Amino acid sequence: MKIRPGARKFLRRLKEHYEIFVFTAACPAYAQLVVQELDPENKIISYVLDRTYCHETRNGLYIKDLRIIKNRDLKNMIIVDNLVHSFGFQIHNGVPILEWRGDKEDDELKHLTNYLLEAQKYDDIREFNKERLRLSELVNHKLEDSTP
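Residues numbered from 1 in each chain as written. Predicted model: local features only at pLDDT ≥ 70, side-chain atom pairs only at ≥ 80, totals over all residues. Heavy atoms only, no water.

Caption draft 1: Main features of the pattern of salt bridges. On inspection of all chains with the given rule, the structure shows 11 salt bridges. Linking R67 and D65 is a salt bridge whose minimum nitrogen-to-oxygen distance equals 2.6 Å. Its salt-bridge partner being K75, residue D123 comes within 3.2 Å of it at the nearest N-O pair. A residue pair is termed long-range when its members are at least 10 positions apart, and D123 in the loop between α3 (108–119) and α4 (125–133) and K75 in the loop between β4 (62–63) and β5 (79–81) qualify at 48 residues. On the basis of relative accessible area, D123 is assigned to the exposed category, the value being 59%. (Salt bridge = Lys/Arg side-chain N within 4 Å of Asp/Glu carboxyl O. Helix = DSSP H or I, 4+ residues; strand = E, 2+ residues; numbered from the N terminus. Buried < 20%, exposed > 50% of the residue type's maximum accessible area, 1.4 Å probe, protein only.)

Written as C-alpha cells, this is what we have:
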C-alpha cells in the first residue's frame, strides 16, 4: 500500500487540534486496511466511516453527508476530499485536495496543514472556507454557464 508523503506526520500534527475521522467511499475492508496502515496504534483516528455511510447517486458517485456524525456541530467540521462532489451536501465544510498520483515529492499535505491550522482559529469553519475557497461562487458560475 502506498501512502501519500507526510500522511502520518500530517495526522499526528492535526490530532493536536482536531478530532480525526476517516470518511471514505471505499468498501469497509479496504477502509480498515488503510486506517491500520496510517494509525497502527489506534491513537490518531477516532472513527471510520466507509462507503456504507455514503449516499450513492444514480451515476455511481458517493456523497458524504456530515450530518451523519452526531453530537458534532457542522460549524466545527471540515471534510477534505479530492472529489468535490463528495462534500456537495456541505460545500462550505469542504476543502478540496489534489489527487495523489504517486509523486514522492508531493507536498500537498504541508499546505493543507497550514490551511487547517489557520481554520481552527475561526468560530465557524464554514465562514473561513467561504472567504478563502469561495467554492459556492464556482458552483454558481457553473450553473450560470449552463443556463440557455
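And the narrative resumes.
Caption draft 2: Fine view of helix α2 (residues 28–38). All buried positions along α2 are accounted for by A31, V35 and L38. One side of α2 carries all its buried residues, which in axial view fall inside an arc of 65°. Away from its buried face by more than 90 degrees, α2 exposes A29 and L33. (Arc of directions from axis to C-beta.)

Caption draft 3: Representation of α4. Of the residues making up α4, those classed as buried are I125, F128 and N129. Considered in projection along α4, the buried side chains sweep an arc of 95° and stay on one side of the axis. Tucked inside the fold, the buried residues of α4 contact β6 (94–96) and α3. Between a side-chain oxygen at the N-terminus of α4 and the backbone nitrogen of R126 the separation is 2.9 Å; the capping residue is D124. Among the residues trailing α4, R134 stands out with phi positive, at a value near 55°. (Contact = heavy atoms within 4.5 Å. Polar contact = N/O pair within 3.5 Å; in protein donor to acceptor, adjacent residues only side chain to side chain.)

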